[in-house]
Amino acid sequence: MSILCVSVLFPPAARADNPIVQTIYTADPAPLVHNGRVYLYTGHDEDNSTYFTMKEWRVYSTSDMVNWTDHGSPMSLATFSWAKSDAWAGQVTYRNGKFYWYVPVTSRASGRMAIGVGVSDSPTGPFTDALGKPLVENGEIDPTVFIDDNGQAYLYWGNPNLWYVRLNTDMISYSGGVNQIPLTTAGFGTRTGVANRPTLYEEGPWVYKRNGLYYNVFAAKCCSEFIGYSTSTGPTGPWTYRGTVMPTQGSSFTNHPGIIDFNGSSYFFYHNGALPGGGGFTRSVAVEKFSYNADGTIPAMNMTTTGPPQNGTFNPYVRQEAETIAWSSGIETEATSEGGRNIANIENGDYVKVKGVAFGSGGATSFTARVASATSGGRIELRTGSPTGALAGTCTVPGTGAWQTWTSVSCGVTGLTGTQDLYLRFTGGSGFLFNVNWWQFTGGGTGGNLLTNPDLEQGTSGWQVNGSGTLAASTSVVHGGTQALGITGRTGAWNGPAQDVTSRMTNGKSYATSVWVRSQSGTPGAKATLALTANGTTSYLQLTPAAPVNASGWTQLTGTATVSWTGTLSRAVLYVETTEGTDGLYIDDASFQ
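Throughout what follows, the structure given in this document is the object of discussion.

Rules of the game
Residues numbered from 1 in each chain as written. Predicted model: local features only at pLDDT ≥ 70, side-chain atom pairs only at ≥ 80, totals over all residues. Heavy atoms only, no water. Core = buried A, V, L, I, M, F, W, Y, C linked by side-chain atoms within 4.5 Å. Buried < 20%, exposed > 50% of the residue type's maximum accessible area, 1.4 Å probe, protein only. Helix = DSSP H or I, 4+ residues; strand = E, 2+ residues; numbered from the N terminus. Contact = heavy atoms within 4.5 Å. 1 Å grid on protein atoms, 1.4 Å probe; cavity = no way out; pocket = protein on both sides within 12 Å on 5 of 7 lines; lining within 4 Å. Points joined across faces, edges and corners; volume = space filled by probe spheres on them. Lys, Arg positive; Asp, Glu negative; His and termini not counted. Salt bridge = Lys/Arg side-chain N within 4 Å of Asp/Glu carboxyl O. Phe/Tyr/Trp six-rings, centres within 6.5 Å; stacked < 30°, edge-to-face > 60°. Lys NZ or Arg CZ within 6 Å of the ring centre and 35° of its normal. Pairing = 2+ DSSP bridges. Axes fitted to C-alpha atoms, helices over the stretch in contact; angles between N-to-C directions.

## Some details on the nonpolar core
1) Next: Counting residues in each nonpolar core, the largest one holds 43 residues, and the members touching the most others are Tyr-41, Trp-101, Val-217, Ile-259, Phe-268 and Ile-298.
2) Next: At 4 residues, strand 8 (residues 98-107) tops the list of elements feeding residues into this core.
3) Next: The contacts of Phe-268, once residues within four sequence positions are left out, are Ile-227, Val-245, Met-246, Pro-257, Gly-258, Ile-259, Ala-286, Val-287, Glu-288, Phe-290 and Met-301.

Take a look at the structure:
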């Protein structure tokens, strides 16, 4: 039986938010902070595994550390033609406008573990084989990558030993040969009872730098493992053992660390066997918030089911992917014909929890969801506090004729004000009911979507060009529905699709922006901007953080900004631009409210 079906064994209230993912078994976390989001790269333990049976890697992301978006599998064993098996623990880093994913796999030619490199223009992939062969091969595992302040990059790996190479700036070659770090008891602690493994170091190194001090956090003393760490004043040692980060616990005889700082807080990622059916070969990634001691040491911490507090806000008035989840029961995710992913295999009583949804003082008045059903559909119940909490509204989902034939349904809601945990509870008959691609609320507190033709289903209607370029409706490249908007002939980075919103602006008010963007070529950074002209002076307000876009998939730009001006506002234009270059763009499913 799939884990997805048995997860309902958790208590109905299900207030736990650890482990992070409930739809599959995940292992070996490798977090990366990029452009205001945390991207979490994991392995995937197959259901019912009795060994480390792993065929692909997965990606999740969050902007608030509690609600995680499932981006699917952008890299697998099939990515590497020379790999035979064992998609084990790796790590991603960003450099030169690209994302590099270092992973250990079993070489088809030698039968030994070797380290390959995947590369992508996007943090969510797809990744391709950067070399067509191993970067390095000595039969050992668990690569971690670190770029020092001076630009020198290092790749570390190893079990039973600990190795490193100095990566060149291309990140896919190295200089100076393969070097071994001496595993001394002073550097990595003392293990007793195992003559050929005198130190605590086992595997899974995670190397980073903080306040001039280098940290090497690792899985220690098999089996079962705990997490220990060492520090050094240099990237290659000598190392000094500092103690325990996380003791042995959690129903898995392995563990694997990852540490980041995000939005002013520090986070420790690990894995355990906490989900139903979980264990040493069916693991799940979890996370804890922590604070360094005043002297820079890491405090010992335990696994929890609560996880960290929310770090940020969750805006329900922009389009949200249904696969953005704090906790779920019963559902799975899959690729959707409209791009991205949808939640699927929904049965009566299944649910998705979204944590800390900021409805505001004005509150939500209606809810819209993009749905599909090959059967007779069912209902989406909108509840707060728990899967059986107060009912805010119910949307009826009809049959659409196929699981990927999509339609939008809407319903009124009440009682959704302030910040609340939202539960989408699915009800209906027997068997699979329907799929959900995305959802969005509107409300009196937001004034609704201020854009004309925001879903671009009416072609270019309501849209204009900021600067130079030509707009045209696209039916071959779309994010949702049947049309998107394309722009070609841009002569400046600031040129882009635009809409005049002058008559809809209120001075001093905060506005939430969401727009899906895709390049026609190249990998520029894209952002949404508001040009405000008041008393003859034009100022520019960045509405969303810049994010890389590419031609192989859609990227959502989101942000919230307060708009203000002095004097009389004569013109306000919202537009999508790039940070550099003049590549053609597509946009779709825009919201400004």
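## Comments concerning empty space enclosed by the protein
A probe as big as a water molecule, rolled over the atoms, marks out the empty space that is left.
1) Next: Inspection of every chain in the model, using the stated rule, returns 3 cavities of 30 Å³ or more.
2) Next: Of the volumes computed, that of the largest cavity is approximately 80 Å³.
3) Next: Lining the largest cavity are Ile-20, Val-21, Gln-22, Thr-23, Tyr-60, Trp-68, Asp-70, Glu-323, Ile-325, Ser-328 and Thr-333.

## Focus: the side chain of Lys-527
1) Next: Turning to its location among the elements, Lys-527 is positioned in strand 40 (residues 525-534).
2) Next: Although buried, Lys-527 forms no salt bridge, and the nearest oppositely charged side chain, Glu-577, lies 4.1 Å from it.
3) Next: Look past the residues within four positions of Lys-527 in its chain and what remains in contact with it is Gln-542, Thr-544, Pro-545, Ala-546, Leu-557, Tyr-575, Val-576 and Glu-577.

## Considering the packing of aromatic side chains
The relative placement of two aromatic rings is captured by the distance of their centres and the angle of their planes.
1) Next: As enumerated under the stated definition, the model contains 36 aromatic pairs in all.
2) Next: A ring pair is formed by Phe-52 and Trp-88, whose centres lie 5.9 Å apart and whose planes are at 75°; its orientation type is edge-to-face. With a gap of 36 residues between them, Phe-52 in the loop between strand 2 (37-45) and strand 3 (54-62) and Trp-88 in the loop between strand 6 (83-85) and strand 7 (91-95) connect regions that are remote in the sequence.
3) Next: With a relative accessible area of 13%, Trp-88 lands in the buried category.
4) Next: An aromatic cluster of three or more residues is present, and its members are Tyr-41, Trp-57, Phe-80, Trp-82, Trp-101 and Phe-127.
5) Next: Cation over ring: Arg-210 sits above Tyr-292, and NZ or CZ is 3.7 Å from the ring centre.

## A few points about the sheet that holds strand 33 (residues 418-427)
1) Next: Strand order across the open sheet formed by 5 strands is 25-28-33-30-31, with antiparallel pairing between neighbours. A strand with exactly one partner marks an edge of an open sheet, and here the two such strands are strand 25 (327-329) and strand 31 (390-397). Each neighbouring strand pair of the sheet contributes to a mean axis angle of 30°, computed without reference to strand direction.
2) Next: As paired strands, strand 25 and strand 28 (residues 351-360) are joined by 3 bridges and run antiparallel to one another.

## A closer look at the pairing of strand 39 (residues 509-519)
1) Next: Counting buried positions along strand 39 gives 9 out of 11 residues, so the element sits mostly inside the fold.
2) Next: Judged from the 9 bridges that link them, strand 39 and strand 43 (residues 555-563) form a sheet pairing that is antiparallel. Across the sheet, Lys-509 pairs through a bridge with Val-563, a residue of strand 43.

## Some points on the pattern of salt bridges
1) Next: One pass over the full model with this rule turns up 17 salt bridges.
2) Next: Residues Asp-70 and Arg-341 are paired through a salt bridge, measuring 3.7 Å at the closest nitrogen-oxygen approach. Within this pair, whereas Asp-70 is found in strand 4 (residues 68-70), its partner Arg-341 is found in strand 27 (residues 341-344), the two being separated by 271 residues in sequence.
3) Next: A residue is classified by how much of its surface remains accessible, and Arg-341, at 13% relative accessible area, is buried.
4) Next: In this structure, Glu-338 and Arg-370 form a salt bridge, with 2.7 Å as the shortest nitrogen-oxygen distance. Here Glu-338, found in the loop between strand 26 (332-335) and strand 27, pairs with Arg-370, found in strand 29 (residues 366-373); they are 32 residues apart in sequence, far enough to count as distant. A single burial state applies to Glu-338 and to Arg-370, both of which are buried.
5) Next: One connected set of salt bridges, linked through shared partners, spans Glu-56, Arg-58, Asp-70 and Arg-341.

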